[in-house]
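Fold and geometry: a report
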Amino acid sequence: MATLVFLLLLLGGAMALAMREAPLWLWSVLAAAAAFVWQSSLLHGGFHVPSPSGLQWLGWLPAVALAVLSVPGIRRSLVVEPAFRMVKGILPKVSDTEQQALDAGTVGFDAELFSGRPDWGKLRAVPGIVLTAEEQAFLDGPTEDLCRLIDDWHVRHNRKEIPAEIWDFVKTHGFLGMLISKEHGGLGFSAQAQSLILGKVASRSPDVVTIVMVPNSLGPGELIEKYGTEEQKHHFLPRLAKGLEVPCFSLTGPTSGSDAATMRDIGQVVRGTWNGAETLGIKLSWDKRYITLGPNATLVGLAFRLFDPDNLLGRGEDIGITVALIPSDHPGVNIGRRHLPSGAAFPNGPNWGTDVFIPMDMIIGGEKMVGQGWRMLMECLAAGRAISLPSSSTSGAKAMLRFTTAYSRIRKQFGLPVGRMEGIEEAITRMVETAYVNEAARAATAAMVSRGEKPSVISALMKYQTTERLRRSINDAMDIHGGRAICDGPSNYLQSAYQMIPVGITVEGANILTRTLITFAQGALRSHPYLYKEVQAVQNPDTRAGLAAFEQAFCGHIAFSASNVAGAFFHNITGGLFASAPENANLTAEWYRQLWRASRNFALVADLTVALLGGGLKTKQKITGRMADALSELYMTACVLKRYEDDGKPAGDRHIVELAARNGLHRFQEAIGGAIDNFPVAWARVAMRVLVFPLGRPYKPASDNLGAQVARLAMEPGDVRDRLTRHIFVSHDVNDATGLLEVTLKKVIASEEAEKKLERAIRLGTVRRYHGIDWIGDAVKAGAITEAEGKLLREVEELTARVIAVDHFSPDEVRPHYMTPGHNARQASAAE
Ligand SMILES: Cc1cc2nc3c(=O)[nH]c(=O)nc-3n(C[C@H](O)[C@H](O)[C@H](O)COP(=O)(O)OP(=O)(O)OC[C@H]3O[C@@H](n4cnc5c(N)ncnc54)[C@H](O)[C@@H]3O)c2cc1C
């Protein structure tokens, strides 16, 4: 018994030291105390001062070894220097372009999650949704007006392009220059405002939001604003802001998609003639495709690799990726015809050129910025990726929910609104969760960007998570609408999202790559508290300085790893009871604690994954993908708690928060459990199972009852439904397909009592409901319902018939007339 107590105390002491990242000398003291107690007969009720002999000396070895290692000089030569050499060999190799990507963004709350001890104060310090009066007025004024102007069917089917009146509207009101500063003629809106404006437009038309999003995302406007010369800023920015120039940005080519840095588009520094004078410039050959706004662009932003074979710039031959801004009517620039991406109407197409001469001042930022292109792109991408697709995917999820909850209450089968059937309810519950979680994470992330962060890891996870979750919501919406959603036409309000979601999944880093490579594999390097410091230290050409930096990072890393082992195990066996929750969290304190505990587990597994997979991290994508999912769940669930607080903890949202927290933690557990179960190193697999799941897997998904409560809340017009779908465009116009839903929903609810009476009369056989019979009139005559109830039911029947109707067309109306069979852009151009 005494031995057991001794061992437990020893384990407790070691865990306490590890969790507090205690210095080595304290460990040495603990080891010495343990040896002393063990050999002093204290455990057997007696006491004598130990006088070790023979093998007994071995008991003192750990204490002596730890004491010796506490001496910096000895520690350095015995441990740090060999580790320095070894780590050089196993750390993931970082290419130049990866290095620039790593250096580009900022680290924020993601680092808190990687640390295993998130500081909730930092999350709470991120502002909620704050807009200036001017931004709010723009959201309520021109943005609403634009939404009312959009006829989705007309855009994506009748015209198959963005109508001139919409281009004129967005140009005149400055939509294309939201990120351009006021000083340069733009609106100078915050990231939060841009995100909300884009979201509202997206809820009306994925095509129209694309033409607004692209000039406000990674591209000429942002690149010139940040890196342009003064002349470029003064000339181009006011023109871009007013829409006098339409920009596109060309990075992707036929052979360089995800691996864009391997582009074969090249420029050579040469002397040439420009405006009648000999000048230094670049001879360019390129071939790009998939370029959004390309067919309409007046300015082509172009990324290419620059070489200087004659060393005219004095910087050697391979200068690196460079970005130029070339007028689309510049001699030799070919703007191809249009691609047809997923039936979309926004302009998208190829462009190319061979031996096109451009003067140096067409380089963004001028000659001094040659070779800086990749860094410029990565810096802008880190922020832009956090705004554009998360905004549209969030509003898409909210719109899907708003339309589908209305429809599922209006549409009846088997005598019931389909939304009352459990199968449908289950899908609606998923949609509620997505709408709430996407918005929570969107708002927090946009607020981070608004205050100057460029969150590279968070933006990556937001991109793939919000688009994937929207894809699931769209599928749920389609399933719930049945045939009504499949038959396309002006009354179909789901098809544009269904057709366009693959675009969101693919652009700005296709999702599979973003999940498996960028979020965790690169994210771990960036957000881990020590790894990046170690990488930088071993890559430091000054070995002395590198070794010193490495020692500091390495010793910190060892203490961090030990702390993860002890911390994760401790919080897992105590069920997160002692984990950290912020003050005044009240009802959500438990979720904060569980997230903290989960973050401890994430830090442990992430640390071991990085340490043991090393350079293999990029190829072990089934592991890194799951780790990316685990990180995403931590981040997005934390944002859910933040949103609930920022919204003033509305009572109606409590169940939604609980559902999102339970499901988020469960998905976290499945993701991290999957990574552990499939971990390629056997001993680590066993160790991680013991440390992370010592008492089995603790989290269960939200119960069916909780799901049912949440789905019912979303189907009821009122505060909860409005909050769930806030910031999207909501029509109340009965002649608009979505406005018709809103109007009908209210009438359906108002007529529920009358409907019940009518149904009873039908069941009793008092009236019969078949085509050709006026059953409402018969019910009134039979006294089953009143005149007023009959009037209301007639109105509801007429509205419902319109809601459930699908469009039909003559063959001439639907035959495509814009395509010439057997042609593609290149052939057509060659023929011309
Ligand atoms: C409608 C549309 C608009 C676009 N607009 C623009 C634009 O304006 N400007 C521009 O420059 N580009 C644009 N793009 C290009 C877009 O960014 C690319 O399509 C995207 O980068 C993916 O390249 P890819 O299509 O060639 O796919 P590929 O690179 O061929 O990838 C195929 C699949 O492999 C996966 N994959 C690739 N590498 C890895 C890896 N290492 N690990 C794991 N998975 C991997 C990808 O995730 C993807 O699922 C647009 C594309 C579309 C479809």
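Residues numbered from 1 in each chain as written. Predicted model: local features only at pLDDT ≥ 70, side-chain atom pairs only at ≥ 80, totals over all residues. Heavy atoms only, no water.

**Notes on the overall build of the chain**
Along the chain, the regular secondary structure elements total 35 helices and nine strands. The C-alpha radius of gyration computed for the chain amounts to 31 Å, which stays within 12% of the reference 28 Å derived for 832 residues, consistent with globular compactness. The principal-axis extent of the C-alpha atoms belonging to the chain is close to 105 × 90 × 50 Å. By the burial criterion, 55% of the 832 residues in the chain qualify as buried. Long-range pairs, those at least 24 residues apart, make up 76% of the contacts in the chain with a sequence separation of at least 6. Taking the 87 positively charged and 86 negatively charged side chains of the chain as two groups, their mean positions are separated by 5 Å. (Helix = DSSP H or I, 4+ residues; strand = E, 2+ residues; numbered from the N terminus. Rg over C-alpha atoms; globule rule 2.2 N^0.38 Å. Buried < 20%, exposed > 50% of the residue type's maximum accessible area, 1.4 Å probe, protein only. Contact = heavy atoms within 4.5 Å. Lys, Arg positive; Asp, Glu negative; His and termini not counted. Charge placed at Lys NZ, Arg CZ, Asp CG, Glu CD.)

**Observations concerning the packing of aromatic side chains**
The geometry of an aromatic ring pair comes down to the distance between the two centres and the angle between the two planes. Considering all chains together, one arrives at 15 aromatic pairs under this definition. Their ring planes at 20 degrees and their centres at 6.0 Å tell us that Phe114 and Phe520 sit as a pair that is stacked. Of the two residues, Phe114 sits in helix α6 (residues 109-115) while Phe520 sits in helix α21 (residues 511-527), which places them 406 residues apart along the sequence. Judged by relative accessible area, Phe114 falls into the buried class, the value being 1%. The buried category is assigned to Phe520, whose relative accessible area is 0%. Geometrically, the ring pair formed by Phe403 and Tyr493 is edge-to-face, given 5.2 Å between the ring centres and 65 degrees between the ring planes. Of this pair, Phe403 sits in helix α16 (residues 373-410) while Tyr493 sits in the loop between α19 (483-486) and α20 (495-506), placing them 90 residues apart in sequence. Residue Phe403 is classed as buried on the basis of its relative accessible area, which comes to 8%. Residue Tyr493 is classed as buried on the basis of its relative accessible area, which comes to 10%. Among the aromatic side chains, those forming a connected cluster through ring pairs are Phe138, Phe169, Phe175 and Phe189. Over the ring of Tyr436 we find Arg643, and its NZ or CZ is 3.9 Å from the ring centre. (Phe/Tyr/Trp six-rings, centres within 6.5 Å; stacked < 30°, edge-to-face > 60°. Lys NZ or Arg CZ within 6 Å of the ring centre and 35° of its normal.)

**Structural notes on the site of the ligand**
Lining the immediate surroundings of the ligand are 21 residues, of which Phe249, Leu251, Thr252, Ser258 and Tyr290 lie closest. For the ligand, an oxygen atom lies 3.1 Å from a polar atom in the backbone of Leu513. A distance of 3.0 Å is found between a nitrogen atom of the ligand and a side-chain nitrogen or oxygen belonging to Gln621. Relative to its unbound accessible area of 970 Å², the ligand is 69% covered by the protein chains. Residue assignment for the shell around the ligand shows that the elements contributing at least two residues are β1 (247-250), β3 (277-292), α20 and α21. Counting residues per element, the shell around the ligand draws most heavily on α21, at four residues. A class-by-class count of the residues in the shell around the ligand yields 12 nonpolar, nine polar and no charged. (Near = heavy atom within 4 Å. Polar contact = N/O pair within 3.5 Å; in protein donor to acceptor, adjacent residues only side chain to side chain. Areas by Shrake-Rupley, 256 points an atom, 1.4 Å probe, with all protein chains shown as cover. Nonpolar A, V, L, I, M, F, W, Y, C, P; charged D, E, K, R; others polar.)

**With respect to a nonpolar patch on the surface**
Together, Met1, Leu4, Val5, Leu8, Leu9 and Leu11 make up an exposed nonpolar region whose accessible area comes to about 660 Å². Along the chain, Leu4 turns up in helix α1 (residues 2-19). (Patch = residues over 30% accessible without salt bridge, like charges linked within 9 Å, V, L, I, M, F, W, Y side chains within 5 Å. Salt bridge = Lys/Arg side-chain N within 4 Å of Asp/Glu carboxyl O.)

**So, helix α17 (residues 422-450)**
With 29 residues, α17 extends 42 Å between its outermost C-alpha atoms, agreeing within 8% with the 42 Å of an ideal straight helix rising 1.5 Å per residue. Among the 29 residues that make up α17, 24 are buried, leaving the element largely enclosed by the rest of the structure. (Expected span 1.5 Å × (residues − 1).)

**Topic: the pattern of salt bridges**
Inspection of the entire model under this criterion finds 52 salt bridges. In this structure, the salt-bridge partner of Lys398 is Glu439, at a minimum N-O distance of 2.9 Å. Placement of Lys398 in helix α16 and of Glu439 in helix α17 is noted, with a sequence separation of 41 residues between them. The same class applies to Lys398 as to Glu439, namely buried. Its salt-bridge partner being Arg667, residue Glu633 comes within 2.9 Å of it at the nearest N-O pair. With Glu633 in helix α25 (residues 621-646) and Arg667 in helix α26 (residues 654-677), this residue pair connects regions lying 34 residues apart in the sequence.

**Re the side chain of Thr405**
With respect to the helices and strands, Thr405 occurs in helix α16. Taking the relative accessible area as the measure of exposure, Thr405 reaches 1% and is therefore buried. Engagement of the side chain of Thr405 in a polar contact is seen with the backbone oxygen of Leu401, the distance being 2.7 Å. Separated by 3.2 Å, the side chain of Thr405 and the backbone oxygen of Arg402 make a polar contact. In contact with Thr405, other than residues within four places in its own chain, are Ile428, Ala714, Met715 and Arg721.

**Let's talk about empty space enclosed by the protein**
Per the counting criterion, the structure on display carries four cavities of 30 Å³ or more. In this structure, the second largest cavity occupies an estimated 60 Å³ of space. Around the second largest cavity sit Asn572, Arg597, Asn601, Phe668, Gln669, Ile672, Val692, Phe693, Pro698 and Tyr699, which together line it. Broken down by secondary-structure element, the contributors of at least two residues to the lining of the second largest cavity are α24 (589-613) and α26. Per element, the largest residue contribution to the lining of the second largest cavity is three residues, and it comes from α26. Counted by class, the lining of the second largest cavity contains six nonpolar, three polar and one charged residues. (1 Å grid on protein atoms, 1.4 Å probe; cavity = no way out; pocket = protein on both sides within 12 Å on 5 of 7 lines; lining within 4 Å. Points joined across faces, edges and corners; volume = space filled by probe spheres on them.)

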